[in-house]
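# Survey of secondary and tertiary structure
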Amino acid sequence: MTSSRSALSIYGEKAIEWLIRICGVSAIIFVFAIFFFVFREGAPFLADEKFSLWKFLTSTEWYPTSMSNIRYGTFALIAGTLSVTGVAMLIAVPFGLGAAIFVSEFCTGKLREFLKVIIELLAAIPSIVWGFIGLTVMNPVIQTVFHVQVGLNVLNAAILLALMSIPVMVSIGEDALKAVPDSYREAAIALGATRWQLIWRALLPAAKNGLLAAVLLGVGRAVGETMAVLMATGHAVNVPHSIFDSVRTLTATIAAELGEASEGSPHYRVLFLIGILLFTITFIVNLVADFVVKGIKNK
Amino acid sequence: MVTPKVQVENLRLSYGSKEVIHGISFDIEPNEILGIIGPAQSGKTSLLRCINRTMEFTAGTKMSGTIRVDGEDTAKMRDVYGLRRRIGMVAPLPVGLPLSIYDNVAFAPRAAGMNNKSELSALVEKCLRQAALWDEVKDRLDSLGTKLSGGQQQRLTIARALSHSPEILCLDEFSIAIDPVTTMRIEDVLKELKKDMTIILVTNLVQQARRLAARTMFMWNGEIIELGPTEQLFGDNPKDKRTHDYVNGIFG
Amino acid sequence: MTMHAQIQPAPQFGETPFTRKKRRNEKIAQGIFAVMVACIVIPLFLIVGYLIKEGVSLISWEFLTTNPTGGMRKGGIWSALLGTFWLVGTSLCISAPIGVLAAVYLNEYAKDNWFNRVVNLAVVNLAGVPSIVHALFGLGAFVLFAGMGRSIIAASLTLAIMTMPVIIASTKEALAAVPRQFREACWNVGATKWQTIWRIVLPNSISGILTGVILQVSRTAGETAPIMFTGAVFYRKIEEGNLFAYGLGDQCMALSMHLFTVTTQVTNAPHALPFAIATVLLAFVLLVNLTAILFRSWLRSRKKW
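Residues numbered from 1 in each chain as written. Chains lettered and ligands numbered in written order. Predicted model: local features only at pLDDT ≥ 70, side-chain atom pairs only at ≥ 80, totals over all residues.

The subject of this paragraph is unusual backbone geometry. Even without a glycine there, the phi angle at Glu173 of chain B is positive, about 45°. Among the structural elements, Glu173 of chain B can be located in the loop between strand 7 (168-172) and helix 7 (180-193). With a phi angle near 65°, Met72 of chain C is a residue other than glycine that sits in the positive phi range. Take Met72 of chain C: it is sitting in the loop between strand 1 (68-69) and strand 2 (74-75). (Helix = DSSP H or I, 4+ residues; strand = E, 2+ residues; numbered from the N terminus.)

Turning our eyes to something else, we now look at the interface of chain A and chain C. Between chain A and chain C, the contact holds 65 residues from the first and 67 residues from the second. Looking at the side of chain A that touches chain C, the element that brings in the most residues is helix 1 (residues 7-42) of chain A, giving 20 residues. The residue inventory of the side of chain A that touches chain C, partitioned by class, reads 45 nonpolar, twelve polar and eight charged. (Contact = placed C-beta atoms within 7 Å. Nonpolar A, V, L, I, M, F, W, Y, C, P; charged D, E, K, R; others polar.)

With that settled, the discussion passes to the packing of helix 1 of chain A against helix 4 (residues 78-109) of chain C. Where helix 1 of chain A meets helix 4 of chain C, the closest approach of the two axes is 7 Å, and the angle between their N-to-C directions is 100°. The orientation of helix 1 of chain A relative to helix 4 of chain C falls into the category roughly perpendicular. Between helix 1 of chain A and helix 4 of chain C, the residues in contact are Leu19, Ile20, Arg21, Cys23, Gly24, Ser26 and Ala27 of chain A and Ile98, Leu101, Ala102, Val104, Tyr105, Leu106 and Tyr109 of chain C, respectively. Its residues placed into classes, the contact of helix 1 of chain A with helix 4 of chain C shows eleven nonpolar, two polar and one charged. (Axes fitted to C-alpha atoms, helices over the stretch in contact; angles between N-to-C directions. Parallel < 35°, antiparallel > 145°, perpendicular 65-115°, else oblique.)

For strand 9 (residues 215-220) of chain B and strand 10 (residues 223-229) of chain B, the ladder comprises six bridges, and the chain directions are antiparallel. Across the sheet, residue Phe218 of chain B finds its bridge partner in strand 10 of chain B, namely Glu226 of chain B. (Pairing = 2+ DSSP bridges.)

Bringing the sheet that holds strand 3 (residues 33-37) of chain B into the picture now. Remark on secondary structure: sheet strands pair via backbone hydrogen bonds, oriented parallel or antiparallel. All names here are of chain B. Ordered by their spatial adjacency, six strands build an open sheet running 6-7-8-3-9-10, and the pairing between neighbours is mixed. Sheet topology places strand 6 (87-90) and strand 10 at the edges, where each strand pairs with a single neighbour. The sheet shows a mean angle of 15° between the axes of neighbouring strands, taken without regard to direction.

This next bit is on helix 5 (residues 127-146) of chain A. Residues and elements named next belong to chain A. Between its first and last C-alpha, helix 5 extends only 25 Å over 20 residues, short of the 28 Å set by a 1.5 Å rise per residue. Of all the residues in helix 5, the buried ones are Ser127, Ile128, Val129, Trp130, Gly131, Phe132, Ile133, Gly134, Leu135, Met138 and Ile142. Remark: His147 follows helix 5 within two positions and exhibits a positive phi of approximately 50°. (Expected span 1.5 Å × (residues − 1). Buried ≥ 20, exposed ≤ 12 C-beta atoms within 10 Å, placed from the backbone.)

Turning to its location among the elements, Ser143 of chain B is positioned in the loop between helix 5 (134-137) and helix 6 (150-162). When residues no more than four places from it in sequence are discounted, the contact partners of Ser143 of chain B are Ser100 and Ile101 of chain B.

Below, the discussion takes up the interface of chain B and chain C. Listed by partner, the interface residues are 22 residues for chain B and 17 residues for chain C. Listed by contribution, the elements that provide at least two residues to the side of chain B that touches chain C are helix 2 (80-86), helix 3 (101-111) and helix 6 of chain B. When residues in the side of chain B that touches chain C are grouped by element, the largest group, four residues, is from helix 2 of chain B. Taken together, the residues that form the side of chain B that touches chain C break down as 14 nonpolar, five polar and three charged.

A separate point is the domain arrangement of chain C. Interface size is often expressed as the accessible area that is lost when the parts come together. Residues and elements named next belong to chain C. Considered domain by domain, chain C is made up of domain 1 (15-55) and domain 2 (61-301). Taken over C-alpha atoms, the centre of domain 1 sits 35 Å from the centre of domain 2. Contacts between the two partners involve five residues from domain 1 and, on the opposite side, six residues from domain 2. Residue composition of the side of domain 1 that touches domain 2, by class: three nonpolar, one polar and one charged. (Domains from an automatic or database assignment.)

As a further point, take helix 7 of chain B. Residues and elements named next belong to chain B. Given a rise of 1.5 Å per residue, 14 residues ought to cover 20 Å, and the 20 Å separating the end C-alpha atoms of helix 7 matches this to within 8%. Along helix 7, the residues classified as buried are Ile186, Leu190 and Leu193. Down the axis of helix 7, the smallest arc covering the buried residues is 60°, so these residues share one side. Exposed side chains of helix 7 directed beyond 90 degrees from the buried face belong to Pro180, Val181, Asp188 and Glu192. Here the buried face of helix 7 lies against strand 3, helix 4 (117-130), helix 6, strand 7, strand 8 (198-202) and helix 8 (206-212). (Arc of directions from axis to C-beta.)

Moving on to the sheet that holds strand 1 (residues 6-15) of chain B. Residue and element names in this part refer to chain B. An order of 2-1-4-5 is seen for the four strands of this open sheet, with the pairing classed as antiparallel. Two strands in the sheet have a free side with no partner beyond their single neighbour: strand 2 (18-28) and strand 5 (72-73). Bridge analysis of strand 1 against strand 2 gives eight bridges, and the strand direction is antiparallel. Within the sheet, the bridge partner assigned to Leu11 lies in strand 2 and is Ile24. On the sheet, helix 1 (residues 44-51) packs against strand 1, strand 2 and strand 4 (61-69) and is oriented at approximately 115° with respect to strand 1.

Residue and element names in this part refer to chain B. Counting buried positions along strand 9 gives six out of six residues, so the element sits mostly inside the fold. Covered by surrounding structure in strand 9 are Arg215, Met217 and Met219 together with Thr216, Phe218 and Trp220, the residues of both alternating faces. As paired strands, strand 3 and strand 9 are joined by four bridges and run parallel to one another. In the sheet register, Ile37 faces strand 9, and the bridge partner there is Phe218. Counting the residues that bridge the hairpin from strand 9 to strand 10 gives two residues, and of these Asn221 lies at a positive phi of roughly 55°.

Before going further, it helps to examine the packing of helix 6 (residues 154-178) of chain A against helix 9 (residues 208-224) of chain A. Residues and elements named next belong to chain A. It is at 8 Å that the axes of helix 6 and helix 9 come closest, and there the two elements cross at 155°. With respect to helix 9, the axis of helix 6 lies roughly antiparallel. Classified by chirality, the crossing of helix 9 by helix 6 is right-handed. Within the contact between the two elements, helix 6 uses Leu161, Met164, Ser165, Val168, Met169, Ile172, Gly173, Asp175 and Ala176 and helix 9 uses Gly210, Leu211, Ala213, Ala214, Val215, Leu217, Gly218, Arg221 and Ala222. Split by residue class, the contact of helix 6 with helix 9 holds twelve nonpolar, four polar and two charged. (Left-handed = near helix turned anticlockwise from the far one by under 90°.)

Below, the discussion takes up the environment of Ala122 of chain C. Of note, Ala122 of chain C is situated in helix 5 (residues 114-128). For Ala122 of chain C, a count of 19 C-beta atoms within 10 Å translates into the label partly exposed. For the pair formed by Ala122 of chain C and Pro165 of chain C, sequence separation is 43 residues and the distance between their alpha carbons is 9.0 Å. Sequence-distant contacts of Ala122 of chain C, defined by excluding residues within four places in its chain, comprise Ala27, Ile28 and Val31 of chain A.

Structure below.
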């Protein structure tokens, strides 16, 4: 070669490669930073003599601003989160997986593209808009349909959360079904199976890990959702006995009370502890989902 | 005694725990065409990738032994890109880069720091002519290289391999995806190029080695079964019976 | 059924009660799934239609370009609209470059070892962190620890870290779509790794990368929780018509936050006002999304290989 590269371009390249490495590693730093800073604000209260971890997790009494009887029990909030998430999943799993099957196995061409676009747009609706819908649209609808006093309750929030997590499930579920080799389909059809049998006996078992991961990611999203549940659950600290009870979730509590809690106060620190609790829950759910997904890839 | 162009000494290569090349040694003389034949999975492609050190990009490989080019140990070369420029590599399936035909050929010189427009144009034309592609594409140098036919893309790949003026040209089963007529044209090109460079021709067509190579090497399961003058391997009495069986289509 | 029998005279594989039942089951299955999809798709249209119907009467150019007045019961949404643009713009300027480079690292440089598996795992988990936890992090790290106070820059950094994993994921996908043989061809002619990335990989994946980034515009615009405590305020009046009425150190209003405020904190707001805000927010988000989707399908149609 007659010409050779200038020193500038060689050292420029080295610099860029280092920048890329730093950015690549930044994800780890962010995860640790999140844990560190949330813990940093919440942890001092763990050492407080008035604080008991057992009470924090099991007591249903949440009176953070009471004058005489301050209590920081999050059990009712955990119950609120779990009930809303649970009911949401009861709705979202069949519909989400059903839609994934329909889009992947029954649709072709234009209809399929159209449905995928619609589902993507559904995923784009901001949670604050869902909350607004829960407040203004679902509230009266639930009141009239079920003849209940209050339309802001578990059911309302669960329907919203279901609609919010369905797009995640459809897209990941569809990927999982697409990953099943076509030879399975051809073999089943050659044996005279109907498409129903094909789906039930061949595709679902083959794609079960991917579908499980889809459900788990839906759960992760539902547990962490804030604004929609803040507006649609009725915001009452309450261990629910029916789906028409108002509740309050962990996320909504932080969103609603952090603005009022003064910096460094026990109330403020407890809200950060709730944040750690949420971080831990979603961390575990996502980790499990990731391992389940990896499980398919390794096969 | 001339220094061999390439000297391979006791080369071993393993992917993970599986060894695919079991300590082979051989020399390649300057300006010869060495044919390498052998069934699939016998380590031919891996050998080429060891020579230009692109094996390093594959995770989990372990290499031992030495490869010398012009007497210099490749593992100790600091400018690995310079080494790769001295070796032209043509892969089994033609790869037109998603660039214009012109940029495909100009890619390597530019990467090496050549910016002079007229020099580049002259070089592109020379390489395309050498690869017997110039007449077909001279009016559409701006169109995409990936949109050429398979045979044209393979000649484009050869032109690209020539664009950095290599001293050694490695062809890895280049005729696998192209028709016999184009294959013959490229074979004629290779006979021309032999004057300027050393050619390593890995081929799945034993007759191709017979047509082109002065010496032929028969590899099987990561070992050299036989290396010698082509007439000897293809004659009635090769040293090893397996060679006879393979070139006559009895196994493989 | 009788029709069928006439069209196919004496078929070799004629209908038996068994195949008839099979076919009926097939129809039922398809019907059930179709109804399920309809249950998801129809609400989208009903909801969007309803929001627009209730809110459209208020929307005008003036509504978009004047500050809210009268305790946020009158006037427009200018300061909120501009605040959202500032937050989205600033956060993308931070998350897009870092996210894209991180994806380049993970897809092009990272060897398959335990460390990089941990990095990948961190990205996956970062994507799953709830938005309210990001809010706590932003408050703890940027507002308090770094001393930025509640400001656009603190809120944007929070949003940036929230959107980064998604940008990393979409960029990785775009990079992985460039066939490996292109990279090998470049290495074979002596190009360095970075030259290969810069001249071949990035030009051929930039469209996919951009689509991923555009999709994050819409997600960032709709977020509320992460900005509530890091930079967004209930009310702020700014100069009308000046796109640079905010600075990075200022607090700002945001459309999403404004919708929350008007819905839950302002009493006696006109009925149409929250609907109008929701319509503007939704229109912005959906238009950006639709643009990204159309852009993507246009790109797929003109693939270079």
